[in-house]
Each structure stands twice: as structure tokens, then as C-alpha cells.
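Tertiary structure, described
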Amino acid sequence: MYSHPKNATLDELTCDNIGTWLVDVRENERMIDDSAALPPVSNIDDVNAILSSACKITSTLGEHVGWKCGATNKPAYTKFGLQEPFRAPLHRYRVFQQNVTPVVIPSVLQKNLIKFEAEFAFILNKPLPPKSTPYTDEEIWKAVRIVVPAIEVIGTRWTKKVFQQATMLQKIVDFGINECCALGTEGVAATSCRRDLNNAKVEFLINGKVVLTGKGDAVLDHPIKSLKWLANDLNKSGICTRTHVYGGGAEAGLLAGDIVMSGAALNLDGDLVKPGDIVTARFESLGDVSVVRGEPSSKM
């Protein structure tokens, strides 16, 4: 039914070549300092096609284990020149689970660290395959096993100079400006928190001191709406979440076990966090998750 995003201006071979290049940039810890090297994306379908090509490649980034939703409020997606949020794939070796101690952000992921985002992460217990009508809130909730506190580290492999020159779409094509995600060890079953996430208080702390406060309704008025948007967007695209082939059939849509980052409930400027600082995102009723900004790499 689908062979390529219908509005993409780039052909499949070009998308495959750019996707291979994107993976190489990340695997080999490269930073791009030439704006002429930025992918010539014209619309969000170009971005999605390139990222799908990148996910088809077997790499040290690991298998695709879920998605991030980005720009999950109107001011944010309008800033990106979009009519709705965007999505980007998450890879296994960029999703960290907090144990007893905070997650240490690998220094290689800090070459152009931009900010930290406090996010609700949904882990699914059943698939959400394509169907003839859009998913409802109730159908989405039935697919969620647990909601956990999470931090997304936002960063890019474009140098600061190139990042400033890049279009918004050229920024997104760098894997959704995602460097890594950290998931908390505790969470809450969907049945226990479904009505309250929009009112849940969210805080950012640096070394135990509260520096920012917000609420769950910063994510599309309710975080579940972010997950619903993603399910319906994949429904429309027909993309397979494991092979990234369009028209993936039974494996299209979200799968059981997928991790979905909802988008930012709260943003913390990376410049406020110094090497060695502990950043904690605290979610009312869900718990905490913490990361440590490690020492800068000598390669930087």
C-alpha cells in the first residue's frame, strides 16, 4: 500500500544514502562543521523517509525500540514550521534504565548538548496496528502497561555554528535532536494515573535544588494525546516499526514493548548544568529519574 512517504521530494536511493551517512556520523562520534553537508530536506516526509532508511541499517546503535514525540505543543511545532508534532526513532543503546544511581550521560553524547526534557514515557503491553479509523483515548490507554518518569537529553551532531545555520527540518533529521533517554526505575500502571497526568506537577532539580516547575498539560494538554497522535500518525503512514518498510503489514504501527517518549513537560537549558551536576526530573505520583552530566570528552 505504501512504498515511500507520498510527499517526499527525495527518492528512496537518496534517502538510503543520507540515512547511511547519519548512522556513520553517530557511530564514529563525528561532528558536522560544514553546513553544505546538511541533508536537503524540503518537508517532514523527507525527514521521515531518511530516518526510516537509517533505521533499516544494522548498526552499533542497536535495534529500534520505540519513538520520541517532539514539539508536542502548538508553540513548539509552529516554531518548527509544522502543523503537528514530529516523531523520531529511539535505538536500544541510547535508552538507559536508571538503577540505584543516576544515569551517567556518556561524554560522547555531550558534544553539542542543548537541553534536558522532563517527559512521561509510555511502555506498551499490546500493539496499536493500523486500522480504518483513528484511535481513541480509551483504545490508547488499553495498550499502555506503565507510565514512567523520563529525561530526554536533547543534542545534535551538528556543531553550534552549523546548527544555527540549519533549517528546522535539517535539525529534526538528526534523529529528532535526540542524544539519549533515561527511564526511571519506578512507574505507575496506566489504570492508576490515566486521568491525572495533565495535572501532575513536574519539577527539574539540579543537585537537589528545584530550579523549574511545570505540569503535564504542557504536552498537548494531556500526555496521552501525544501517544495517540503518534499511533494515528503511524497508522496513516503504514510504517513498520521494526523494519521501517512502508506498508509493513502486521508489524506496522506501534508494537507491544515499545517505549514512547511523550515530549517535553518541562525544558532545562543545558548551559545551566555543569560537569558533575545531578539533574533530576520529579513527577508527581510517578517518581524521579536522575542523570549526571559527565566530564567533557577529550575529543571535544
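Attention in this report is confined to the structure presented alongside it. What you see is a predicted model, and the numbers here were worked out from it, not measured in a lab.

Rules used in this analysis
Residues numbered from 1 in each chain as written. Predicted model: local features only at pLDDT ≥ 70, side-chain atom pairs only at ≥ 80, totals over all residues. Heavy atoms only, no water. Helix = DSSP H or I, 4+ residues; strand = E, 2+ residues; numbered from the N terminus. Buried < 20%, exposed > 50% of the residue type's maximum accessible area, 1.4 Å probe, protein only. Contact = heavy atoms within 4.5 Å. Areas by Shrake-Rupley, 256 points an atom, 1.4 Å probe, with all protein chains shown as cover. Lys, Arg positive; Asp, Glu negative; His and termini not counted. Charge placed at Lys NZ, Arg CZ, Asp CG, Glu CD. Salt bridge = Lys/Arg side-chain N within 4 Å of Asp/Glu carboxyl O. Polar contact = N/O pair within 3.5 Å; in protein donor to acceptor, adjacent residues only side chain to side chain. Axes fitted to C-alpha atoms, helices over the stretch in contact; angles between N-to-C directions. Parallel < 35°, antiparallel > 145°, perpendicular 65-115°, else oblique. Left-handed = near helix turned anticlockwise from the far one by under 90°. Nonpolar A, V, L, I, M, F, W, Y, C, P; charged D, E, K, R; others polar. Core = buried A, V, L, I, M, F, W, Y, C linked by side-chain atoms within 4.5 Å. Expected span 1.5 Å × (residues − 1). Arc of directions from axis to C-beta.

Right, let's talk about the overall build of the chain for a bit. A tally of regular secondary structure across the chain gives eight helices and 13 strands. For the chain, the spread of C-alpha atoms along the three principal axes comes to 50 × 50 × 35 Å. Here the chain holds 300 residues, and 57% of them are scored as buried. Residue pairs at least 24 apart in sequence account for 76% of intrachain contacts in the chain once pairs closer than 6 positions are excluded. Taken as a whole, the chain presents about 12700 Å² of accessible surface, with 51% of it coming from carbon and sulfur. Averaging the positions of the 33 positive and the 34 negative side-chain charges in the chain gives two centres separated by 2 Å.

What follows concerns the side chain of Arg 293. Positionally, Arg 293 belongs in strand S13 (residues 287–293). No salt bridge is formed by the buried Arg 293, whose closest oppositely charged neighbour, Asp 271, lies at an N-O distance of 5.6 Å. A polar contact is formed between the side chain of Arg 293 and the side chain of Gln 110, at a distance of 3.0 Å. Of note is the side chain of Arg 293, whose polar atom sits 3.0 Å from the backbone oxygen of Gly 270. Setting aside anything within four residues of it in sequence, one finds Arg 293 in contact with Ile 105, Gln 110, Leu 113, Gly 270, Val 273, Lys 274, Pro 275, Gly 276 and Asp 277.

The next subject is the pattern of salt bridges. Overall, the coordinates contain 15 salt bridges when judged by the stated rule. A salt bridge links Lys 131 to Glu 139, with the shortest nitrogen-to-oxygen separation between them at 3.5 Å. A relative accessible area of 28% places Lys 131 in the partly exposed class. The class of Glu 139 is partly exposed, set by a relative accessible area of 31%. If you follow the salt bridges from partner to partner, you end up with Arg 26, Arg 157, Asp 174 and Glu 179 in one network.

Now for the packing of helix H1 (residues 12–27) against helix H2 (residues 44–55). One way to put it is that H1 packs onto H2 with a least axis distance of 7 Å and a crossing angle of 60 degrees. For the element pair H1 / H2, the angle class is oblique. The two elements H1 and H2 cross, and the hand of that crossing is right-handed. Residues Cys 15, Asp 16, Ile 18, Gly 19, Leu 22 and Val 23 of H1 touch H2, and the partners they reach there are Ala 49, Ile 50, Leu 51, Ser 53 and Ala 54. By residue class, the composition of the contact of H1 with H2 is eight nonpolar, two polar and one charged.

As a further point, take the nonpolar core. Ranked by internal contacts, the top residues of the largest apolar core, which has 51 residues, are Phe 116, Phe 120, Val 144, Val 147, Phe 204, Leu 227 and Leu 254. Among the nonpolar cores identified, the runner-up in size contains 32 residues, and Val 23, Ala 76, Ala 166 and Leu 169 belong to it.

The next thing to look at is H1. Between its terminal C-alpha atoms H1 stretches 22 Å, which fits the 22 Å expected from 16 residues at 1.5 Å a residue. Taken as a whole, H1 has its buried residues at Cys 15, Ile 18, Gly 19, Leu 22, Val 23, Val 25 and Arg 26. Looking straight down H1, one finds that the buried residues subtend no more than 155 degrees of arc, so they occupy a single side. Tucked into the core, H1 has its buried residues touching H2, strand S6 (144–155) and strand S7 (178–183). Regarding H1, its N-cap is Asp 11, as a side-chain oxygen of that residue lies 3.3 Å from the backbone nitrogen of Leu 13 further along. Once H1 ends, the next one or two residues include Glu 29, with phi positive near 55 degrees.

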